[in-house]
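Per-entry structural report
This is what each chain is made of:
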Amino acid sequence: NKNKIMSDSLNKQLYKECDKSSNKHSLDVVKSLVKQGADPNWQNGNDYNWTTFMYVCRWNHTNTVEYLLSLNNIKVNLVNIYQQSGFYIACCYGR
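Residues numbered from 1 in each chain as written. Predicted model: local features only at pLDDT ≥ 70, side-chain atom pairs only at ≥ 80, totals over all residues. Heavy atoms only, no water.

This part covers unusual backbone geometry. Backbone phi values are negative for most residues with the exception of glycine, while trans is the configuration of most peptide bonds. For N49, which is not a glycine, the phi torsion comes out positive at approximately 65°. Of the residues examined, N49 reaches a relative accessible area of 26% and is grouped as partly exposed. At N60, a residue that is not glycine, the phi angle is positive and equals roughly 60°. As for its placement among the helices and strands, N60 is situated in the loop between α3 (52-58) and α4 (62-70). In this structure N60 comes out as partly exposed when scored by relative accessible area, which is 38%. (Buried < 20%, exposed > 50% of the residue type's maximum accessible area, 1.4 Å probe, protein only. Helix = DSSP H or I, 4+ residues; strand = E, 2+ residues; numbered from the N terminus.)

Shown next, in the form of structure tokens:
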């Protein structure tokens, strides 16, 4: 299905953008991908089921955390395979 392929591509792009250290991260790119249909709740099965929210918490992307929290559909209680949520990850990394 063409829509599923497009959706998966956008989800992977969003995930990759959020898995960057602070000096390489772009909130504008994240906003653009979400507007195009990327799902910030998508869990990467190839990476312990981490979400974009978990990564922005991990890397201390404060502006992006705030942006994602402003979305009506964000699921902050999703957990990875180790039962860690984004908030838990933020605490573990001293954010």
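Here the narrative resumes, following the displayed structure.
Ranked by size, the top nonpolar core spans 23 residues in total, and within it L14, F53 and L68 carry the most contacts. Put simply, the parts of the chain that give this core at least two residues each are α1 (2-18), α2 (27-36), α3, α4 and α5 (86-92). Not counting chain neighbours up to four residues away, the residues in contact with L14 comprise V30, L33, V34, A38, D39, P40 and T52. (Core = buried A, V, L, I, M, F, W, Y, C linked by side-chain atoms within 4.5 Å. Contact = heavy atoms within 4.5 Å.)

Turning to α4, its buried residues number three or more, namely T64, V65, Y67 and L68. Taken end-on, α4 shows its buried residues confined to a sector of 165°, consistent with a single buried face. Among the exposed residues of α4, those oriented more than 90 degrees off its buried face are N63, E66 and S70. Looking at the buried positions of α4, the neighbouring elements they touch are α2 and α3. (Arc of directions from axis to C-beta.)

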